[in-house]
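# Architecture at a glance
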2 protein chains.
Amino acid sequence: MKGIHQLAKHLDISIGTVSRALNGRPDVNAETRRRVLEAAEQLGYVANQSGRSLRKGSTNVIGLMIESGKDNVDNSDNFFFGVIGGLQTVFARHNLDLAILPCPSEEDPLEYLQRMVARRLVDAMIISATQKIDKRIDLLIEKRVPFVALGRSHSGGSHTWIDLDFAGVANSAVDRLISKGHRRIAIAAPTTDINLGFVFVDAYRAALERHGLTYDPALVLRARSSEDGGYSVGGDLLALAPRPTAIILIYELMAIGLYRRLMEAGVKPGCDIAVIGFREAPRARFLQPALTCYRLSLQDLGTELAETLLSSMPDYAEIYSSHACNRLWPLDLVPGESDAFELAP
Amino acid sequence: MKGIHQLAKHLDISIGTVSRALNGRPDVNAETRRRVLEAAEQLGYVANQSGRSLRKGSTNVIGLMIESGKDNVDNSDNFFFGVIGGLQTVFARHNLDLAILPCPSEEDPLEYLQRMVARRLVDAMIISATQKIDKRIDLLIEKRVPFVALGRSHSGGSHTWIDLDFAGVANSAVDRLISKGHRRIAIAAPTTDINLGFVFVDAYRAALERHGLTYDPALVLRARSSEDGGYSVGGDLLALAPRPTAIILIYELMAIGLYRRLMEAGVKPGCDIAVIGFREAPRARFLQPALTCYRLSLQDLGTELAETLLSSMPDYAEIYSSHACNRLWPLDLVPGESDAFELAP
């Protein structure tokens, strides 16, 4: 793949002449034009879109930063593949392309993003897995890179974000369990400083208190957001005395490991203990009894993320001016059998 | 995010002076340097890595083109997330970054790749899902873009590729089933022109003939490479008279739909019919009876893909000169219960 510099050097004529020949300008003689076009084909010349875009100050590519750690490899269950479809539907309207930028798990996400910004590959960024304090947000603001965050953070003030309504799920799950007679309700929460963990636990606590129940930190079980994490939550749950009669999970695949651990102990979800999962996921669809969980359209979420981002980019702001720059994304209850029993009062 | 042009314009001094100030050159007076650095911070100036790289002829980014269609969203089961870990392990040694470029399902993959090449975002490409005739390969050769294909093709002559050993799997599965007494063995194959389909069916036919059995095209059941495709294969299989006693699948998630369809008809895998799946997949792990299938390390495959690619790039060719430029990637049998019975002779 050769650019105009290599082409000019190869032909030993000026870059200006090569450029005029390639752009069909009349002030180049026919023989020179013929030589330039022949060499362009021979050397595999590619018009330098990136150079062109830089003059315009844009690359027409939007970056989506994801974390490609082993946990995600084993457990992500296609969340991002689902969102991508929606993003691309919107970007295609404006001849924008999407590049997924996977941050390796060994690397600090801030350093990774700094490098990506320095590479100037993209015009704007979508970041996800926001932490309670997330310096990536400060970086993007400082560097004037338009962005939208999937997830809130305490960093950065009034930037653009969309977040799943974790508080709504915690509220709905607590209400549902209490209406079925449960009073001792455990919750699985992440071990990291990911912001959604704080939102989820705070909302769980507030919902309990709204029903006149006391928050007991011992019922907040910490585990990795994975199938294995669900297995370890199962062990912790069984070790609590008295045992909680219900548990709410924060991550879709936790249910698989939790079911396995409970079954090993002869404790049956939906009979001996109520389980409410988080997002409905293809891999959790095979659980018996069927998991009560929450549904969202990843395609629609992707569309909304893209439009929210564009509303913050000068070239597109007018088209998407009616977009709110922040939004909580609702999830709908999918009742299953895993909590389908009532406790005797 | 501002570049050097905007900075120079803002300060109303020449680009050359701004550049010298930013690069700490002595031929700039102290006051000008101070003004430049202050404005750089104020405007969110970012050193134009892309411009720098273009002068070197490189971006230090490698592209991985994947297809982000709905089938993949529903069914990909993280094949690529697995491979990415291996790719990044190798790329990190050379300060190369990976950008995943998802081709929307509505778009022609050739046109998509043409645009990506024109954007000059990446120094080299990894392509996958190669078709029997795949013009993307001709394009990359013509444009002198170093690349490796995950999958073979009839296009492009002796380019660099790695392919899963589909023929090895077909051979091993046919041998295994024949040793258990099966003579009427069906196979599920893709409906598209993806090259692996041709390889798989050809090897199945050769294996049958090696055992003195006649190839019967009616036993090649075509379906989408998805869970739903497996369900439809189940219907086709049940409609064949006499019914085959065994089936070999080409795609991991087909097993889930196939099991469902067979169960609906009261036909039990591992008792009434033998089933051999393809790649071991997390979502298929929950099938009962356990599926006989094949295993590969996605991390190792990613490492090999990256090293093979680098061996074809001028800057890295020497380091990886011992690498073969083509390789069939083996898969290991994982015996399950889904074919664990012998037919009476």
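Basis of the calculations
Think of each chain on its own: its residues are numbered from 1, step by step along the sequence as written. Written order decides the labels, with chains lettered from A and ligands numbered from 1. In keeping with the predicted nature of the model, local features appear solely for residues at pLDDT of at least 70, side-chain atom pairs appear and are counted solely at 80 or more, and the whole-chain, interface and lining totals rest on all residues. Just so you know, side-chain values use all the structure's heavy atoms and leave hydrogens and water out. The disulfide criterion used throughout: a pair of cysteine sulfur atoms within 2.5 Å. Exposure classes here rest on a 1.4 Å probe applied to the protein chains alone. A residue is buried below 20% of its type maximum, exposed above 50%, and partly exposed in between. Think of it this way: any DSSP run of H or I at least four residues long counts as a helix, any run of E at least two long counts as a strand, and we number them from the N terminus. Residues adjacent in sequence count toward polar contacts only when both atoms are side-chain atoms; beyond that, a polar contact is any pair of N or O atoms within 3.5 Å, and within protein one must be able to donate a hydrogen and the other to accept it. The term nonpolar core refers to a set of buried residues drawn from Ala, Val, Leu, Ile, Met, Phe, Trp, Tyr and Cys, joined through side-chain atoms within 4.5 Å. Only heavy atoms matter for contacts: two residues are in contact if any of them lie within 4.5 Å across the pair. What makes two strands pair is DSSP finding at least two bridges between them. For every element, the axis is a line fit to its C-alpha atoms; helices are fit only across the contacting stretch, and the angle between N-to-C directions ranges from 0 to 180 degrees. For the domains described, the bounds stem from an automatic or database domain assignment. Residue classes follow a fixed rule: Ala, Val, Leu, Ile, Met, Phe, Trp, Tyr, Cys and Pro count as nonpolar, while Asp, Glu, Lys and Arg count as charged, and any other residue, Gly among them, counts as polar.

Here we come to the state of the cysteines. All names here are of chain B. Enumeration according to the criterion identifies 0 disulfides over all chains in this entry. The cysteine cysteine 271 is free of any disulfide, with cysteine 293 supplying the nearest cysteine sulfur at 18 Å. Given the relative accessible area of 45%, cysteine 271 is considered partly exposed.

Another aspect to go through is the side chain of Glu227(B). Position of Glu227(B) among the secondary structure elements: in helix α11 (residues 227-239). When its relative accessible area of 5% is taken as the criterion, Glu227(B) is described as buried. Polar contacts involving the side chain of Glu227(B) include one to the side chain of Arg285(A), which spans 3.1 Å. Side-chain polar atoms of Glu227(B) contact the side chain of Arg260(B), separated by 3.4 Å.

Here the focus is the nonpolar core. The biggest cluster of nonpolar side chains holds 174 residues, and the ones touching the most others in it are Phe91(A), Tyr204(A), Phe91(B) and Tyr204(B). If we ignore the near neighbours within four places in the chain, the residues touching Tyr204(B) are Ala170(B), Val174(B), Ile185(B), Ala186(B), Ile187(B), Tyr215(B), Leu219(B) and Val220(B). In terms of nonpolar packing, the next biggest core, distinct from the first, is built from 40 residues, Phe147(A), Leu113(B), Ile127(B) and Leu140(B) among them.

Right, let's talk about the sheet that holds strand β10 (residues 292-295) of chain A for a bit. All names here are of chain A. The mixed open sheet is built from 6 strands, whose spatial order is β7-β6-β8-β9-β10-β12. With one partner strand each, in any of the chains shown, β7 (220-222) and β12 (332-334) form the two edges of the open sheet. Direction aside, neighbouring strands of the sheet carry axes that sit 25° apart on average. Two strands pair when backbone bridges link them, and strand β8 (residues 246-248) and strand β9 (residues 274-279) are joined in this way by 3 bridges, in the parallel orientation. The partner of isoleucine 247 across the bridge, within β9, is valine 275. Packing against the sheet, helix α9 (residues 166-179) makes contact with β6 (185-189), β8, β9, β10 and β12, and its axis sits at approximately 160° to β9.

As a further point, take helix α7 (residues 109-119) of chain B. Helical geometry note: an α-helix holds 3.6 residues per turn, so side chains three or four residues apart project in the same direction. Restricting attention to buried positions, one finds in α7(B) the residues Tyr112(B), Leu113(B), Met116(B), Val117(B), Ala118(B) and Arg119(B). Taken from the residues just after α7(B), Arg120(B) is the one with a positive phi, measuring 50°.

This next bit is on the domain arrangement of chain A. Residues and elements named next belong to chain A. Assigned domains within chain A: domain 1 (4-47), domain 2 (57-164 + 297-329) and domain 3 (166-295). Using C-alpha coordinates to define each centre, domain 2 is positioned 29 Å away from domain 3. In this assembly, 16 residues from domain 2 lie in contact with 18 residues from domain 3. Elements represented by at least two residues in the side of domain 2 that touches domain 3 include exactly α5 (70-75) and β5 (161-164). Residue contributions to the side of domain 2 that touches domain 3 peak at 3 residues, all from α5. In the side of domain 2 that touches domain 3, the residues fall into 4 nonpolar, 6 polar and 6 charged.

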